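# Per-entry structural report
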Amino acid sequence: MLQWGKVYIPRRELCLANVLQAGQAFRWILNEKTEEYSTTMKIANSPDYSIVMLRQHDDSFIEILGQEPWETLVSFICSTNNNISRITKMCHALCTNYGKMIGNLGSTEYYSFPSSEDLVENATEHELRELGFGYRAKYIIDTASKMVEDKKHYDNCSDTEFLTKLAKSNDYDGLREQLMSYSGIGPKVADCICLMGMKKDEVVPVDVHVARIAERDYKIRATNTDLLKLKELYKEQPITRKKVNLQLDFIRRKLHTQWGSYAGWAQGILFFREVGGTSGANTTGKIKKRKNEEESVKVEVNEQEHNDIIHKTKRSRVKSEQTN
DNA sequence: GAGATACCTGACCT
DNA sequence: AAGGTCAGGTATC
């Protein structure tokens, strides 16, 4: 069954290319002729995958992304020390090799994102390396295996259901501790999963770029006393204690305090401005580089501007929740 | 226990 | 044309 719906949002408030090809998501395919984006995903509470297409008219618009926890988790394991076009390629490789065929539209075949069971049953580290995953191959196999094990305590639930339960039964610190128990998930990846896969809008994933912005534009820098306090805070969390970088963690906390409950999305916008260009998949199967649709200009950001960004982000987020 | 170092790959640059 | 650098980090020593 093919259905189109309309959601109106001005392009200046949300540009599909800037959301779907900017390093949040890696599995949207752009048909350059029709300018439609497509992917497979679970809709609402359905356990099955559907093909989803999005088209942006000059005056139209969609919502900010809230992705599947499991797919987000695996995608961001792939993201470490890597570039967007290769991450995109890897995510598609996972689907076409280990996912299930959902159907095809035109000449494009659509696959589901593989579950942890799919990966444990069919994938090996060696094979993933041959597919170009590099050292992340081991992380993915180890993580999928542990996920299958962990889920045995929760009868027959999906990866996403399991992760959603984790999110519900833990506070942020506890959830992060759980996420970082998997191979290949450190503080940055865990925070990306929280923000983009678990709707924790306040979480700011701190990477080299965000750290630079924070230090350069906000003069945020932890003192020794600050670091000692944080260390004390994590003494009951062995994994966090081991994996976290206290200096970056201080920045994360400070940005949350300063930017409030939608800090993560404000960060996304600032990151986009800082780094600019990106890439994505299209129906030819080629992964292309693309440029930021706006001018990629480095600017001195001031407080008023940041407030505007956060306000705008929050408004979009609230609107998207109303349409759900 | 903080801090340096290795790690796959491929696009881009010199 | 071969060689270096970089990409939204993590694991390991």
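Residues numbered from 1 in each chain as written. Chains lettered and ligands numbered in written order. Predicted model: local features only at pLDDT ≥ 70, side-chain atom pairs only at ≥ 80, totals over all residues. Heavy atoms only, no water.

## A word on the overall build of chain A
Within chain A, the secondary structure is distributed over 15 helices and seven strands. Here chain A holds 324 residues, and the buried ones make up 49% of them. Long-range contacts, defined as pairs at least 24 residues apart, comprise 65% of the intrachain contacts of chain A with a sequence gap of at least 6. (Helix = DSSP H or I, 4+ residues; strand = E, 2+ residues; numbered from the N terminus. Buried < 20%, exposed > 50% of the residue type's maximum accessible area, 1.4 Å probe, protein only. Contact = heavy atoms within 4.5 Å.)

## Some thoughts on the protein's contact with DNA strand B
DNA strand B sits among 11 residues. The nearest are Arg-86, Arg-129, Tyr-135, Arg-136 and Lys-231. In the interface set of DNA strand B, defined as its atoms within 4 Å of the protein, sugar plus phosphate atoms amount to 59%. In this structure, a sugar or linking oxygen belonging to DNA strand B sits 3.2 Å away from a main-chain N or O atom of Tyr-135. Residues that form the surface near DNA strand B fall into these classes: one nonpolar, four polar and six charged. (Near = heavy atom within 4 Å. Polar contact = N/O pair within 3.5 Å; in protein donor to acceptor, adjacent residues only side chain to side chain. Nonpolar A, V, L, I, M, F, W, Y, C, P; charged D, E, K, R; others polar.)

## Observations concerning the packing of helix H8 (residues 172-179) against helix H9 (residues 187-197)
At a closest axis distance of 9 Å, the pairing of H8 and H9 adopts a crossing angle of 120 degrees. One finds that H8 runs oblique with respect to H9. Of the two possible hands of crossing, H8 and H9 adopt the one that is right-handed. For the pair formed by H8 and H9, the contact residues are Tyr-172, Leu-175, Arg-176 and Leu-179 on the first element and Ala-190, Asp-191, Ile-193 and Cys-194 on the second. Across the contact of H8 with H9, the residue classes break down as six nonpolar, no polar and two charged. (Axes fitted to C-alpha atoms, helices over the stretch in contact; angles between N-to-C directions. Parallel < 35°, antiparallel > 145°, perpendicular 65-115°, else oblique. Left-handed = near helix turned anticlockwise from the far one by under 90°.)

## Some words on the environment of Asp-118
Tracing the chain through its elements places Asp-118 in helix H4 (residues 116-122). Linking Asp-118 and Asn-97, residues 21 residues apart in sequence, is a C-alpha distance of 9.9 Å. Not counting chain neighbours up to four residues away, the residues in contact with Asp-118 comprise Tyr-98, Lys-100 and Ala-123. A polar contact of 3.0 Å, which involves the side chain of Asp-118, links it to the side chain of Lys-100.

## Let's talk about the UniProt feature "domain: HhH-GPD" (unreviewed entry) in chain A
Here, the residues flagged by UniProt with the feature "domain: HhH-GPD" (unreviewed entry) are residues 78-253. In this annotation, residues 78-253 is assigned 62% helix and 5% strand; the end-to-end C-alpha distance for the span is 25 Å. (UniProt positions renumbered as here; feature names shortened; annotations may be inferred.)

## A closer look at the protein's contact with DNA strand C
The environment of DNA strand C is made up of 25 residues, and the closest members are Gly-184, Gly-186, Val-189, Asp-207 and Phe-271. If you look at DNA strand C and keep only atoms within 4 Å of the protein, 56% of those are sugar or phosphate atoms. At a separation of 2.8 Å, a phosphate oxygen of DNA strand C approaches a polar backbone atom of Gly-186. Contact between DNA strand C and Val-189: a phosphate oxygen at 3.0 Å from a main-chain N or O atom of the residue. When contributions to the surface near DNA strand C are tallied by element, the ones reaching two or more residues are H9, helix H10 (208-218) and helix H14 (263-275). The biggest single contributor to the surface near DNA strand C is H9, with four residues.

## Regarding the pattern of salt bridges
With the rule as written, the count across this model stands at 15 salt bridges. For Lys-146, the salt bridge is made with Asp-150, and the minimal N-O distance between the two is 2.9 Å. In this pair, Lys-146 and Asp-150 are both assigned in helix H6 (residues 136-151), four residues apart and thus about one turn of the helix distant. Ionic pairing is found between Asp-249 and Arg-252, a salt bridge with its closest N-O pair at 3.0 Å. Placement of both Asp-249 and Arg-252 in helix H13 (residues 246-259) is noted, with a separation of three residues, approximately one turn of the helix. For Asp-249, a relative accessible area of 3% gives the class buried. In the salt-bridge network here, residues are joined through shared partners; they are Arg-176, Asp-249, Arg-252 and Arg-253. (Salt bridge = Lys/Arg side-chain N within 4 Å of Asp/Glu carboxyl O.)

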